[in-house]
Amino acid sequence: MFALALRSLRQRPGRATATLLSAFLGAAVVMTFNSLHDTAARPGVDSVSAESLSTAAGVVGGYGTLLVFFAIASTLTVNVRQRGAEMELLRCSGATPAQIRRMVVGEAVAIALVGAVLAIGPAMLGGRALLGVFQDSGQVARSVDYSFGPVALGSGIAITVSAAAGAAFLAVRRVALRRRTRGRARTFLAYAALLAGGAAVCSTFAFSAEDAALMAPPAYGAILLSVGCALLAPRLLGGLLDRLPLTGPSGYLAVRNLRRRAAEMSGVLMPLILFTCMASATLTMQAVESDAIRASGVPKSVDAKNLETLNLTVVGVIVVFCCVMLINSLYAATTYRGREFGQQRLVGATPGQVLGVVGAEGLILTVTGVFLGTVAGLAGVLAFSAVRTGSPWPGQGPGIWLAVVAVASAVTLGTVLFTARRTLRTPAVAAVTLVA
């Protein structure tokens, strides 16, 4: 079956591009930050520099591992669901569900391994640049030399390949076995994440305003809440579609298409929810912390500078990574609909009308993802601000939120419309007869 997986990839290399890009970026992120562990372990590194490097690697490495899994999972979910007919044909030809799983998992592992190997060079450059940022801010001594060693290499390859194998197994399981269950494991994990996130946010009130670890509980709580919302995305999207007051042909078709493809679109909502929550919550809490320090008149300590650098670095990684996740998922989902677009045009729809339907779908997805991400992030922000300043409403919150929403909307709608417009360049008859 591994040979069949390689043969399948050679025949259709285009469908592997999104997964390869996700694996490449995921491995690059993990290797970049975990190389700081290798650097901190070099002989002669002072304790302050070693602590700064290890803290950055540990905090962002945890975020990176989570993002890698969700990035690959969202892309593979879209790809696997689009191959339902192919898997059904394999089953009719005598292939067992276990053989189909091994084929798809083998494809994912092969792609992830290639992506991880390709990421080694960029990760080395990124790690060296990151060390320079810490040295310029005075958190790491200038005498510390960069090192890319076994921790970075081993963790990058292991995490990327493991995430690809696990995500592929979960994505193909329902398709290969033709299960019609509602995903009890997914629902259990979703509610567990929501419960853990709520507990983490509530634990914020057990800390004092001057506690150095105050930001950790609401930040991790908001992340867990966003993960829970992302796992429940198909159900939440279905509930929203039942209540939308959209009218006209474009609105009717958009709601109908999204209701029919709610499970597939969850792969798109996942990075959108994570991006909105993590970016808005982290930036807002950091703004509240900076304002509180400025109001106290006390200069920023080394720990405060470390925290600020970490937060800004995390947000930068999140913005790039989640945007790529979102673009990958949207590109794969929209490109696959070329046959559907061709059929619509053959029955009389103009390219403008097709774009109108796609735009309405993108708008619904954007509103849903931004709303769920905002709710999850707001829970952490309100708790942190209430303890840190005595007021739950941060002064800079609305401006930061609007900037995050603007980026999320531009990426979602821009990718959907650009990809659909490019797909519509294929003549309608050719698109209908095209074999995926």
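Within any chain, residue numbers begin from 1 and follow the written order of that chain's sequence. For this predicted model, a pLDDT threshold of at least 70 governs which residues receive local features, and a threshold of 80 or more governs which side-chain atom pairs are given and counted, while totals over whole chains, interfaces and linings are taken from all residues. With hydrogens and water stripped out, all remaining heavy atoms of the structure feed into the side-chain values.

Under an unreviewed UniProt entry, the name given to the protein chain is FtsX-like permease family protein, and the organism recorded is Streptomyces mirabilis. UniProt positions are given in the numbering used here, feature names are shortened, and annotations may be inferred rather than shown by experiment. Under Sequence similarities (unreviewed entry), UniProt gives the following word-for-word description of the protein chain: "Belongs to the ABC-4 integral membrane protein family."

Visitor: Where do I start with the overall build of the protein chain in this structure?
Guide: For the purposes of this entry, the term helix denotes a DSSP run of H or I that reaches at least four residues, the term strand denotes a run of E that reaches at least two, and both are numbered from the N terminus. A tally of regular secondary structure across the protein chain gives 17 helices and 0 strands. Between buried and exposed lies partly exposed: a residue is buried under 20% and exposed over 50% of the maximum accessible area for its type, with that area taken using a 1.4 Å probe on protein chains only. Across the 436 residues in the protein chain, those meeting the buried criterion constitute 52%. Using a 1.4 Å probe, accessible areas were evaluated by the Shrake-Rupley method; residue-level cover was limited to the displayed protein chains. For the protein chain, the exposed surface amounts to about 19400 Å²; the carbon and sulfur share of it is 67%.

Visitor: How should I be thinking about the packing of helix α10 (residues 233-241) against helix α15 (residues 351-389) in this particular structure?
Guide: How two helices pack is summed up by the angle between their axes together with the distance between the axes. Running from N to C, α10 and α15 cross one another at 120°; their axes reach a closest spacing of 11 Å. In terms of their interaxial angle, α10 and α15 are classed as oblique. Crossing of α10 over α15 shows right-handed handedness. Touching Leu 236, Leu 237, Leu 240 and Leu 241 of α10 are Ile 364, Leu 365, Thr 368 and Leu 372, all from α15. The convention used is that axes are lines fitted to C-alpha atoms, helices contributing only their stretch in contact, and that angles between N-to-C directions extend from 0 to 180 degrees. Oblique is the label for every angle not falling under 35 degrees (roughly parallel), over 145 degrees (roughly antiparallel), or within 65 to 115 degrees (roughly perpendicular). A clockwise turn of the near helix away from the far one marks a right-handed crossing, whereas an anticlockwise turn of less than a right angle marks a left-handed crossing. Whether two residues are in contact is decided by their heavy atoms, any of which lying within 4.5 Å being enough.

Visitor: Quick question: what am I supposed to make of a nonpolar patch on the surface here?
Guide: There is a patch of nonpolar side chains on the surface, built from Phe 69, Phe 169 and Leu 170 and spanning about 280 Å² of accessible area. By secondary structure assignment, the location of Leu 170 is in helix α7 (residues 150-177). The exposure class of Leu 170 is exposed, given its relative accessible area of 55%. Surface patches are drawn from residues lacking salt bridges whose relative accessible area is over 30%; two like charges belong together within 9 Å, two nonpolar side chains (Val, Leu, Ile, Met, Phe, Trp, Tyr) within 5 Å. Note on definitions: salt bridges are taken to be side-chain nitrogens of Lys or Arg within 4 Å of carboxyl oxygens of Asp or Glu.

Visitor: Is there a simple way to explain the side chain of Thr 32 in this structure?
Guide: Take Thr 32: it is sitting in helix α2 (residues 17-40). Since its relative accessible area comes to 11%, Thr 32 is described here as buried. Ignoring anything within four residues of it in the chain, the contact list for Thr 32 reads Ala 123, Gly 126, Gly 127 and Leu 130.

Visitor: Even after reading the chapter, I still don't get helix α14 (residues 338-346), so can you show me in this structure?
Guide: In an α-helix there are 3.6 residues to a turn, and that puts residues three or four apart on one side. By the burial criterion, the buried members of α14 are Gly 338, Glu 340, Phe 341, Gly 342 and Gln 344. Gly 348, located one to two residues past α14, shows a positive phi value of around 120°.

Visitor: It is not clear to me how α15 should be interpreted in this structure. Could you clarify?
Guide: Multiplying one less than the number of residues by 1.5 Å gives the expected span of a helix. For α15, with 39 residues, the first-to-last C-alpha span of 53 Å sits near the 57 Å given by 1.5 Å per residue. Immediately downstream of α15, the backbone of Gly 390 shows phi near 90°, a positive value.

Visitor: Just checking my understanding: could you explain the pattern of salt bridges for this structure?
Guide: Pairs may arise between side chains of opposite charge once their charged atoms sit close together. Here the structure, examined in full by the defined rule, presents 3 salt bridges. Asp 136 is paired through a salt bridge with Arg 142; the nearest N and O atoms lie 2.7 Å apart. What makes Arg 142 exposed here is its relative accessible area of 58%. Residue Glu 289 is joined to Arg 388 by a salt bridge in which the shortest nitrogen-to-oxygen separation is 2.8 Å. In this pair, Glu 289 sits in helix α12 (residues 262-296) while Arg 388 sits in helix α15, placing the two residues 99 residues apart along the sequence. Each member of the pair, Glu 289 as well as Arg 388, is classed as buried.

Visitor: Even after reading the chapter, I still don't get the nonpolar core, so can you show me in this structure?
Guide: What tends to happen in soluble globular proteins is that the nonpolar side chains get buried as a cluster. Counting residues in each nonpolar core, the largest one holds 94 residues, and the members touching the most others are Leu 36, Ile 72, Val 104 and Phe 321. Of the residues forming this core, the biggest block, 12 residues, is contributed by helix α3 (residues 47-81). If we ignore the near neighbours within four places in the chain, the residues touching Leu 36 are Leu 53, Ala 56, Ala 57, Gly 127, Leu 130 and Phe 134. Counting residues in each nonpolar core, the second largest holds 15 residues, with Val 201, Cys 277, Val 288 and Ala 383 among its members. Nonpolar cores are built from buried Ala, Val, Leu, Ile, Met, Phe, Trp, Tyr and Cys residues. Side-chain atoms within 4.5 Å join them into one set.

Visitor: Please explain the environment of Ser 203 as it appears in this structure.
Guide: Tracing the sequence through the fold places Ser 203 in the loop between α8 (184-202) and α9 (216-231). In this structure Ser 203 comes out as partly exposed when scored by relative accessible area, which is 28%. Separated by 14 residues in the primary sequence, Ser 203 and Pro 217 have C-alpha atoms spaced 6.6 Å apart.

Visitor: Help me understand the side chain of Ser 280, please; the structure alone is not making it clear to me.
Guide: By the secondary structure assignment, Ser 280 is in helix α12. Judged by its relative accessible area of 7%, Ser 280 is buried. Within 3.5 Å is the distance limit for a polar contact, defined as a pair of N or O atoms, with the added protein rule that one can donate a hydrogen and the other accept it, and that residues adjacent in sequence qualify only through two side-chain atoms. Of the polar contacts made by the side chain of Ser 280, one reaches the backbone oxygen of Thr 276; its length is 2.5 Å. If we ignore the near neighbours within four places in the chain, the residues touching Ser 280 are Phe 275, Ile 400 and Val 404.

Visitor: How should the confidence of the model for the protein chain be read in this particular structure?
Guide: Low pLDDT marks stretches whose predicted atomic positions should not be read closely. Per residue, pLDDT measures the predictor's confidence, with a range of 0 to 100. Looking at the protein chain, pLDDT values average 80 and 86% of them are 70 or higher. Of all secondary-structure elements in the protein chain, the lowest mean pLDDT belongs to helix α1 (residues 2-11), at 51, while α15 reaches the highest, 90. Throughout residues 178-182 the model reports pLDDT below 50, and contacts reaching past four residues in sequence, or to other chains, amount to 7 contacts.

Visitor: Just checking my understanding: could you explain the packing of α14 against α15 for this structure?
Guide: Where α14 contacts α15, the two axes come as close as 10 Å, and the packing angle between them is 130°. By the angle between their axes, α14 is oblique relative to α15. Note that α14 runs across α15; the crossing there is right-handed. Every residue of α15 that contacts α14 at Phe 341, Gln 344 and Arg 345 is listed here: Pro 351, Val 354 and Val 358. Each residue is assigned to one of three groups, with Ala, Val, Leu, Ile, Met, Phe, Trp, Tyr, Cys and Pro labelled nonpolar, Asp, Glu, Lys and Arg labelled charged, and all others, Gly among them, labelled polar. Looking at the contact of α14 with α15 residue by residue, the classes come out as 4 nonpolar, 1 polar and 1 charged.

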